[in-house]
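# Understanding the architecture of this molecule
Below, each chain spelled out in residue letters.
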Amino acid sequence: MDFKAFSQQFSDKIGGKYNDYDDHHSIFIIPIKKDRFQTVIARVIQLEKYNKDVVHITSKVCETSENIDYPSILEASADFTLSNFIVEDGFLKVDTAIVLESANEELIGDTIIEMANLADEWEFRITGKDIY
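Quick summary incoming for the structure in this document. Residue indices follow the written sequence of each chain, beginning from 1 at its first position. Local features are withheld for residues below a pLDDT of 70 in this predicted model, meaning they are given only at 70 or higher, and side-chain atom pairs are given and counted only at 80 or more; totals for whole chains, interfaces and linings count all residues. Remark: hydrogens and water are excluded; side-chain values derive from all non-hydrogen atoms of the structure.

### Digging into the side chain of Gln-38
The test is simple: To qualify as a helix, a DSSP run of H or I must reach at least 4 residues; to qualify as a strand, a run of E must reach at least 2; elements of each kind are numbered from the N terminus. Between buried and exposed lies partly exposed: a residue is buried under 20% and exposed over 50% of the maximum accessible area for its type, with that area taken using a 1.4 Å probe on protein chains only. Here a polar contact means two N or O atoms within 3.5 Å. Within protein one must be a hydrogen donor candidate and the other an acceptor candidate, and residues neighboring in sequence count only if both atoms are side-chain atoms.
Summarising the element assignment, Gln-38 is placed in strand S3 (residues 36–47). By relative accessible area, Gln-38 is classed as buried at 0%. Side-chain polar atoms of Gln-38 contact the side chain of Ser-59, separated by 3.0 Å. There is a polar contact of 2.8 Å between the side chain of Gln-38 and the backbone oxygen of Lys-60.

### Structural notes on the pattern of salt bridges
Any two side chains of opposite charge can pair, so long as their charged atoms come close to each other. Formally: Salt bridge, as used here, is a side-chain nitrogen of Lys or Arg placed within 4 Å of a carboxyl oxygen of Asp or Glu.
Taken as a whole and judged by the stated rule, the model has five salt bridges. Glu-123 serves as the salt-bridge partner of Arg-36, at 3.5 Å between the closest nitrogen and oxygen. Taken together, the residues Arg-36 in strand S3 and Glu-123 in helix H3 (residues 105–127) connect sequence positions 87 residues apart. Ionic pairing is found between Glu-88 and Lys-93, a salt bridge with its closest N-O pair at 2.7 Å. Residue classification places Glu-88 among the partly exposed residues on the basis of a relative accessible area of 28%. By relative accessible area, Lys-93 is classed as buried at 9%. Ionic contacts of the salt-bridge type, sharing partners, join the residues Arg-36, Asp-120 and Glu-123 into one network.

### Things to note about the packing of helix H1 (residues 3–14) against H3
What counts is decided by this rule: All axes are obtained by fitting lines to C-alpha atoms, using only the stretch in contact for helices, and the reported angles, taken between N-to-C directions, cover 0 to 180 degrees. Here is the rule for angles: anything less than 35 degrees is roughly parallel, anything more than 145 is roughly antiparallel, 65 through 115 is roughly perpendicular, and the remaining ranges are oblique. Put simply, a crossing is left-handed when the front helix is turned counterclockwise from the back one by less than a right angle, and right-handed when it is turned clockwise. When checking whether two residues touch, look at their non-hydrogen atoms; a contact exists if any pair is within 4.5 Å. For this classification, Asp, Glu, Lys and Arg are treated as charged, while Ala, Val, Leu, Ile, Met, Phe, Trp, Tyr, Cys and Pro are nonpolar and the rest, including Gly, are polar.
Orientation of H1 relative to H3, taken along the N-to-C sense of each, is 60°, at an axis distance of 11 Å. As far as their axial angle goes, H3 and H1 are oblique. Helix-helix and strand crossings are classified by hand; for H1 and H3 the assignment is right-handed. In this structure, H1 uses Phe-6, Phe-10 and Ile-14 to contact H3, whose residues at the interface are Glu-105, Ile-108, Gly-109, Ile-112 and Ile-113. Across the contact of H1 with H3, the residue classes break down as six nonpolar, one polar and one charged.

### Looking at the packing of aromatic side chains
Short version of the rule: Within 6.5 Å between ring centres, the rings of Phe, Tyr and Trp (the latter by its six-membered ring) count as paired, and their orientation is classed by plane angle as stacked under 30 degrees, edge-to-face over 60, tilted in between. Here, over-ring charges are defined by two tests on the NZ atom of lysine or the CZ atom of arginine: distance to the ring centre within 6 Å, and angle to the ring normal within 35 degrees.
This structure, assessed with the given rule, holds six aromatic pairs. With a centroid separation of 6.0 Å and 35° between ring planes, the pair formed by Phe-3 and Phe-6 is classed as tilted. A residue pair is termed a helical-turn pair when its members lie 3 or 4 positions apart in one helix, as Phe-3 and Phe-6 do in helix H1 at three residues. Phe-6 shares its class with Phe-3; the two are buried. Between Phe-80 and Phe-85, the aromatic rings sit 5.4 Å apart at their centres with planes inclined by 55°, giving tilted as the arrangement. The pair formed by Phe-80 and Phe-85 is uniform in burial state, with each residue classed as buried. Joined through ring pairs, the aromatic side chains of Phe-3, Phe-6, Phe-10, Tyr-18 and Phe-28 make up one cluster. Above the ring of Phe-91, the side-chain terminus of Lys-60 is found at 4.0 Å from the ring centroid. Positioned above the aromatic ring of Trp-122, the side-chain terminus of Arg-125 is 4.2 Å from the ring centre.

As far as function goes, none of this settles anything; it's purely spatial.
Structure follows, in structure tokens:
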């Protein structure tokens, strides 16, 4: 899969914005209902432990300095289809990885949209703002 070409086509298809960092690292600005937007980062990396290339997709929810009810968000993540919450670099994020050899463009696109919607939903629940 030509990840850079996929990223541009996907962004055009959904009316979002796309910036390529390099051939394996894409930054999307995904439109969310009610004039809100969410940044999602997708990058192709190799998981050495499994010797597999994956598409790693993340989106920031908020800084960990916010008042976060961690038991509630972990319980809520049981209902997520493709993602989970992580804490990384001082941020609460939604995150997933998809094995590239078994992925198709539709799955990657659906996952990017799920990341954007979940991150935006929880960002608003926790902060009441549209930050990322």
